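Summary of structural features
Residue-level listing of the chains:
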Amino acid sequence: MAALARYGRNPAALLGAVLLLLVIAVALAAPVLFPKDPLGLAGRPLQWPFVNPKVWLGTDASGRDIAAQIFHGARVSLLIGLVATVIAIAIGIAVGAVAGFYGGIVDDVLMRITEAFQTLPNFLLLLVLVAVFGSDITTVTVAIGLVSWPAPARLTRAEFLTLRNREFVQACRVLGMGDARIIAREILPNALPPVIVYASVVMAVAILLESALAFLNLSDPNVASWGNLIGSGRGVLRTQWYVSAIPGVAILVTVLAVSLVGQGLNDALNPRLRGPAPVKTAAGEAS
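I will try to describe carefully the structure that is included in this document. (Residues numbered from 1 in each chain as written. Predicted model: local features only at pLDDT ≥ 70, side-chain atom pairs only at ≥ 80, totals over all residues. Heavy atoms only, no water.)

1. Quick word on the overall build of the protein chain
Rule in force here: Each helix is a run of H or I in the DSSP string that is no shorter than four residues. Each strand is a run of E no shorter than two, and both are numbered from the N terminus. Burial classification: accessible surface area is computed with a 1.4 Å probe over protein chains only, and a residue below 20% of its type maximum counts as buried, one above 50% as exposed, and the rest as partly exposed. Should any heavy atoms of two residues lie within 4.5 Å, those residues are considered in contact. Here the positive residues are Lys and Arg and the negative ones are Asp and Glu; neither His nor the chain ends is included. By convention, the charge on Lys lies at NZ, on Arg at CZ, on Asp at CG and on Glu at CD.
A tally of regular secondary structure across the protein chain gives 11 helices and 0 strands. Listed by position from the N terminus, the elements making up the protein chain come as α-α-α-α-α-α-α-α-α-α-α. Dimensions of the protein chain, computed from C-alpha atoms along their principal axes, come out at roughly 75 × 55 × 30 Å. Within the span of the protein chain, comprising 287 residues, buried residues form 43% of the whole. Within the protein chain, residue pairs in contact and separated by at least 24 positions form 69% of the contacts whose partners lie at least 6 positions apart. On the protein chain, the mean spot of the 20 positive side-chain charges and the mean spot of the 15 negative ones are 4 Å from each other.

As structure tokens, this is what we get:
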């Protein structure tokens, strides 16, 4: 409850939560407001927004309803961001926990592997994976998760390095607990808060990576995503700029919301930002 109260005192975090709830509401309302295929023809191509009430955000160069693609694209972006984040965080926690707990040669080997993944930029490595394994939405989502795990791994390792020699860990060893039990039940719960906060960064980057792939026509063309919509508007950007601008604003709002929520969680959960505890004087008053 204290963490929730600290989060509520952060105006930027509250704004992020409101924006994120708005994006989630858009995603949930998509099948209700637009039950038909969002990639189906809806009218004359390149109709401007707010001209035709049937397609109130206009149509793209193929005559598809932009509003339907925005609403259904929210579902795609959130799903990709969430699943890719789960994959990246799971791999990162596994690698970082083992490296930080055991140290020595195990740590050296795992960190060299992590550095090898970090040698190439995420997007370049993502392009390689998509080129080799295909560009369907499942492959793209898994590939984004696979290129995003090194940073969570390093963060988890750092937390384990600071916790593995604490008194409660030494007590668990004296009691005869196994390594797996100490890692999973004793150290990991204490190391999770900063990793959970960083998950918001991974999710925001995952949404941007999928949008970049779609903009280059390397994502799944059979899915209504914001990146695909932006890519379809490249050819008419000088005259019908709204085709790319509307999904661009949707991506901006979503990434901003996730980032603000992550920053709010950091302020609420990070003990270093809570300030020193009040010191009581001899008279019993807090100073």
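Moving on from the model shown.
2. Looking at a nonpolar patch on the surface
Keep this limit in mind: Candidate patch residues must exceed 30% relative accessible area and have no salt bridge, after which like charges are joined if within 9 Å and Val, Leu, Ile, Met, Phe, Trp or Tyr side chains if within 5 Å. To measure how exposed things are, a 1.4 Å probe is used in the Shrake-Rupley method; for residues, cover is taken only from the protein chains shown. Here, a salt bridge means any side-chain nitrogen of Lys or Arg that lies within 4 Å of a carboxyl oxygen of Asp or Glu.
A cluster of nonpolar residues, Val98, Tyr102, Ile105, Val106, Val109, Ile113 and Phe117, forms a patch on the protein surface that exposes about 570 Å² of accessible area. For the nonpolar patch, the secondary-structure elements that each account for two or more residues are helix H3 (66-102) and helix H4 (104-119). The element contributing the most residues to the nonpolar patch is H4, with 5 residues. Owing to a relative accessible area of 40%, Ile113 belongs among the partly exposed residues under this scheme.

3. Re the nonpolar core
Note the cut-off: The nonpolar core is taken to be a set of buried Ala, Val, Leu, Ile, Met, Phe, Trp, Tyr and Cys residues, with the residues joined through side-chain atoms within 4.5 Å.
Ranked by size, the top nonpolar core spans 33 residues in total, and within it Leu57, Ile66, Ile70, Trp226, Val243 and Ile246 carry the most contacts. If you list the elements that add at least two residues to this core, you get helix H2 (11-33), H3, helix H9 (179-215), helix H10 (226-232) and helix H11 (242-269). At 10 residues, H11 tops the list of elements feeding residues into this core. Aside from chain neighbours lying at most four places away, what touches Leu57 is Pro49, Phe50, Ile66, Ala67, Ile70, Tyr242 and Ile246. Formed by 17 residues, the second largest nonpolar core is a distinct cluster that contains Ala97, Cys172, Ile182 and Leu188.

4. Quick notes on the pattern of salt bridges
Where charged atoms from two side chains of opposite charge approach closely, those side chains can pair. Counted by the stated rule, this structure contains 4 salt bridges. In this structure, Glu115 engages Arg112 in a salt bridge whose closest nitrogen and oxygen atoms are separated by 2.9 Å. Placement of the pair is Glu115 and Arg112 together in helix H4, with a separation of 3 residues, close to one helical turn. A salt bridge links Glu115 to Arg154, with the nearest nitrogen and oxygen atoms 3.2 Å apart. With Glu115 in helix H4 and Arg154 in helix H7 (residues 150-163), this residue pair connects regions lying 39 residues apart in the sequence. Each member of the salt-bridge network shares a partner with another, and the members are Arg112, Glu115 and Arg154.

5. Focus: the environment of Pro35
Here Pro35 is to be found in the loop between H2 and H3. In this structure Pro35 comes out as exposed when scored by relative accessible area, which is 64%. Spatially, the C-alpha atoms of Pro35 and Leu218 are 27 Å apart, while their sequence positions differ by 183 residues.

6. A few points about the packing of aromatic side chains
Quick note on the threshold: Pairing of aromatic side chains requires ring centres within 6.5 Å, counting the rings of Phe and Tyr and the six-membered ring of Trp. Pairs whose planes differ by under 30 degrees are stacked, by over 60 edge-to-face, and all others tilted.
Within this structure, the stated rule accounts for 6 aromatic pairs. Ring centres 5.8 Å apart and planes at 80 degrees place the aromatic pair Trp48 and Trp241 in the edge-to-face group. With Trp48 in the loop between H2 and H3 and Trp241 in the loop between H10 and H11, this residue pair connects regions lying 193 residues apart in the sequence. Taking relative accessible area as the criterion, Trp241 reaches 49% and is therefore assigned partly exposed. Here the aromatic rings of Phe117 and Trp149 are separated by 5.0 Å at their centres, their planes lie at 65 degrees, and the arrangement is edge-to-face.

7. Points about H7
Stated precisely, the cut-off is as follows: A helix is expected to span 1.5 Å multiplied by its residue count minus one.
For H7, built from 14 residues, the straight-helix expectation of 20 Å at 1.5 Å per residue is met to within 8% by its first-to-last C-alpha distance of 20 Å. Among the residues of H7, those classed as buried are Pro150, Pro152, Ala153, Thr156, Glu159, Phe160 and Leu163. Where H7 is buried, its residues contact H3, H4, helix H6 (137-147), helix H8 (167-174) and H9.

8. So, the packing of helix H5 (residues 122-133) against H9
Defined as follows: Lines fitted to the C-alpha atoms define the axes, with helices restricted to the stretch that makes contact. Angles between their N-to-C directions range from 0 to 180 degrees. Should an angle fall under 35 degrees it is taken as roughly parallel, and over 145 as roughly antiparallel, whereas 65 to 115 is taken as roughly perpendicular and any remaining angle as oblique. Rotating anticlockwise by less than a right angle from the far helix to the near helix defines a left-handed crossing, while the corresponding clockwise rotation defines a right-handed one. Basically, the charged four are Asp, Glu, Lys and Arg, the nonpolar ten are Ala, Val, Leu, Ile, Met, Phe, Trp, Tyr, Cys and Pro, and anything else, Gly included, counts as polar.
The contact between H5 and H9 brings their axes to 11 Å, and the two run at 55 degrees. Of the possible angle classes, the one that applies to H5 and H9 is oblique. In terms of crossing hand, the pair formed by H5 and H9 is right-handed. Between H5 and H9, the residues in contact are Phe123, Leu126, Leu127 and Val130 and Leu209, Ala212 and Leu213, respectively. Here the contact of H5 with H9 is composed, by residue class, of 7 nonpolar, no polar and no charged.

9. Some points on the environment of Ala29
Note that Ala29 resides in helix H2. Take Ala29: its relative accessible area is 22%, and that puts it in the partly exposed class. Each C-alpha atom, one on Ala29 and one on His72, is 8.7 Å from the other, the two residues being 43 residues apart in sequence.

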